[in-house]
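# Observations on the model geometry
Chain residues, written in single-letter form:
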Amino acid sequence: MNKKATVLDDAAIRRTLTRLSHEIVEKNKGIEDLVLIGVKTRGVPLATRIKSKIEDIEVASLPQGELDITLYRDDLKEVTDKHEPELKDSKLPVDISDKKVILVDDVLYTGRTVRAAMDALVDLGRPSSIQLAVLVDRGHRELPIRADYVGKNIPTSKEEVVTVRLEETDQQEEVVIYEK
């Protein structure tokens, strides 16, 4: 794959997460009954960073969890033909029933990951609402899903690949577009 462009560097990611954090607090009129849940893998460190920024803004603690959607994927059969699915366990610090859940993920593309995440959440409780925060929205939806909070809209072709690299998982910070 050929690198086409770096669309966010470490400073831009930091600024974007700060903006998203303020938007979440503003839209929800504070953080009462709010729970942040990161979709594994890269949604988790993004949720951790947003949590930290929101706690600085509100000077209050905010629960944060991790959601493993492996068994909820609609391509599980295709994945398991190659190898066994790896379960990473969901970790929720509180009961999500009647809470406003903010799902956090790195890239919104077809919408299938978000659908799987919503299915997993509903199996764990009945939130009063589910909102979606993503670092990047690249378009090409296959399901009627949209993000409530978007870090950056990146128009792409289906022949392009958007890669998010985070310090916690990849030892570098950037969002890059590659051509296949």
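Structural data are supplied above this passage.
This text gives an overview of the structure that appears in the document. Remember, it's a predicted structure, so these values are computed and weren't measured experimentally. Going along each chain's sequence as written, the residues are numbered from 1 onward. Only residues with pLDDT of at least 70 are given local features in this predicted model, and only at 80 or more are side-chain atom pairs given and counted; all residues enter the totals for whole chains, interfaces and linings. To get the side-chain values, all heavy atoms of the structure are used, and hydrogens and water are removed first.

### A closer look at the overall build of the chain
- Within the chain, the secondary structure is distributed over 5 helices and 8 strands.
- Reading the secondary structure of the chain in the N-to-C direction produces β-α-β-α-β-α-β-α-β-β-β-α-β.
- With the radius of gyration taken over C-alpha atoms, the globule rule is written as 2.2 Å times the number of residues to the power 0.38. Radius of gyration (C-alpha) of the chain: 16 Å, near the 16 Å computed for a compact globule of 180 residues.
- C-alpha atoms of the chain, sized along the principal axes, occupy 45 × 40 × 30 Å.
- A buried classification covers 46% of the 180 residues belonging to the chain.
- Each accessible area is a Shrake-Rupley result for a 1.4 Å probe, and residues are judged covered by the shown protein chains and nothing else. Accessible surface, the chain as shown: approximately 9500 Å² in total, 47% of it carbon and sulfur.
- Counting 29 positive and 35 negative side-chain charges, the chain places the centres of these two groups 3 Å from one another. The way it works is that DSSP assigns letters per residue, a run of H or I at least four long becomes a helix, a run of E at least two long becomes a strand, and they are numbered from the N terminus. The classification of residues rests on relative accessible area computed with a 1.4 Å probe and restricted to protein chains. Under 20% of the type maximum is buried, over 50% is exposed, and intermediate values are partly exposed. Only four residue types enter the tally: Lys and Arg on the positive side, Asp and Glu on the negative side, with His and both chain ends excluded. Lysine's charge is taken at NZ, arginine's at CZ, aspartate's at CG and glutamate's at CD.

### Some details on the sheet that holds strand β3 (residues 64–67)
- Taken together, 5 strands build an open sheet; the order of strands is β3-β2-β4-β5-β6 and the sheet is parallel. The open sheet has two free edges, formed respectively by β3 and β6 (149–153), since each of these has just one partner strand. Taking each pair of neighbouring strands and ignoring which way they run, the sheet shows an average axis angle of 25°.
- Note: strand β2 (residues 34–39) against strand β4 (residues 100–108), 5 bridges, orientation parallel. Residue pairing across strands places G38 opposite V104, the latter belonging to β4.
- By definition, residues are in contact when any of their heavy atoms lie within 4.5 Å. To obtain each axis, a line is fitted to C-alpha atoms, and for helices this fit is confined to the stretch in contact; angles are then taken between N-to-C directions over 0 to 180 degrees. Along the sheet, helix α1 (residues 10–27) makes contact with β2, β4, β5 (129–137) and β6, crossing β6 at roughly 150°.
- Relative to β4, helix α4 (residues 112–124) is tilted by about 155°, and along the sheet it contacts β2, β3, β4 and β5. At least two DSSP bridges between two strands are needed for those strands to be called paired.

### Focus on helix α2 (residues 43–58)
- Helix span, as expected, comes to 1.5 Å for every residue beyond the first. The terminal C-alpha atoms of α2 lie 22 Å apart, and with 16 residues this matches the ideal 22 Å at 1.5 Å per residue to within 8%.
- Residues of α2 that are buried: G43, V44, P45, L46, A47, R49, I50, K51 and I54.
- Contacts made by the buried residues of α2 are with α1, β2, β3, β4, β5 and α5 (167–170).
- Remark: V59 follows α2 within two positions and exhibits a positive phi of approximately 50°.

### Quick look at the packing of α1 against α2
- The N-to-C vectors of α1 and α2 enclose an angle of 60°; their axes lie 9 Å apart at closest approach. Judged on the interaxial angle alone, α2 and α1 are oblique. Here the hand of the crossing between α1 and α2 comes out right-handed. Contact residues: I13, R14, L17, T18, S21, H22, I24 and V25 in α1; L46, R49, I50, K53, I54, I57 and E58 in α2. Orientation labels follow simple angle bins: below 35 degrees gives roughly parallel, above 145 gives roughly antiparallel, 65 to 115 gives roughly perpendicular, and whatever is left gives oblique. Crossings are sorted by hand: turned counterclockwise from the far helix by less than a right angle, the near helix makes the crossing left-handed, and turned clockwise it makes it right-handed.

### Observations concerning α4
- In a regular helix each residue adds 1.5 Å, so 13 residues correspond to 18 Å; α4 covers 19 Å between its end C-alpha atoms and thus fits that length.
- All of the buried residues along α4 are V114, A116, A117, A120 and L121. In an axial view of α4, the angular spread of the buried residues amounts to 160°, which keeps them on one side of the axis. Within α4, the exposed residues directed more than 90 degrees away from the buried face are V122 and D123.
- Against the buried residues of α4 lie β2, β3, β4 and β5. Taking the helix axis as origin, the arc is that swept by the directions to the C-beta atoms.

### Regarding the packing of aromatic side chains
- By convention, a stacked pair of Phe, Tyr or Trp rings (six-membered ring in the case of Trp) has centres within 6.5 Å and planes under 30 degrees apart, an edge-to-face pair has planes over 60 apart, and any other such pair is tilted. By the definition in use, this model includes 0 aromatic pairs.
- When the NZ atom of lysine or the CZ atom of arginine is within 6 Å of a ring's centre and also within 35 degrees of its normal, the charge is said to sit over that ring. R138 extends its terminal NZ or CZ atom over the ring of Y109, reaching a point 4.0 Å from the ring centre.

### Re the environment of R165
- Looking at the secondary structure, you find R165 in strand β7 (residues 160–165).
- Along the backbone, R165 and R42 are 123 residues apart, and their C-alpha atoms lie at a distance of 8.2 Å.
- With residues near it in sequence (within four places) discarded, R165 still touches D170, Q172, E173, E174, V176 and Y178.
- Throughout this description, a polar contact denotes any pair of N or O atoms lying within 3.5 Å of each other; where both atoms belong to protein, one of them has to be capable of donating a hydrogen while the other can accept it, and for residues adjacent in sequence the pair is counted only when both atoms sit in side chains. A polar side-chain atom of R165 sits 2.6 Å from a polar atom in the side chain of E174.
- There is a polar contact of 2.8 Å between the side chain of R165 and the side chain of Y178.

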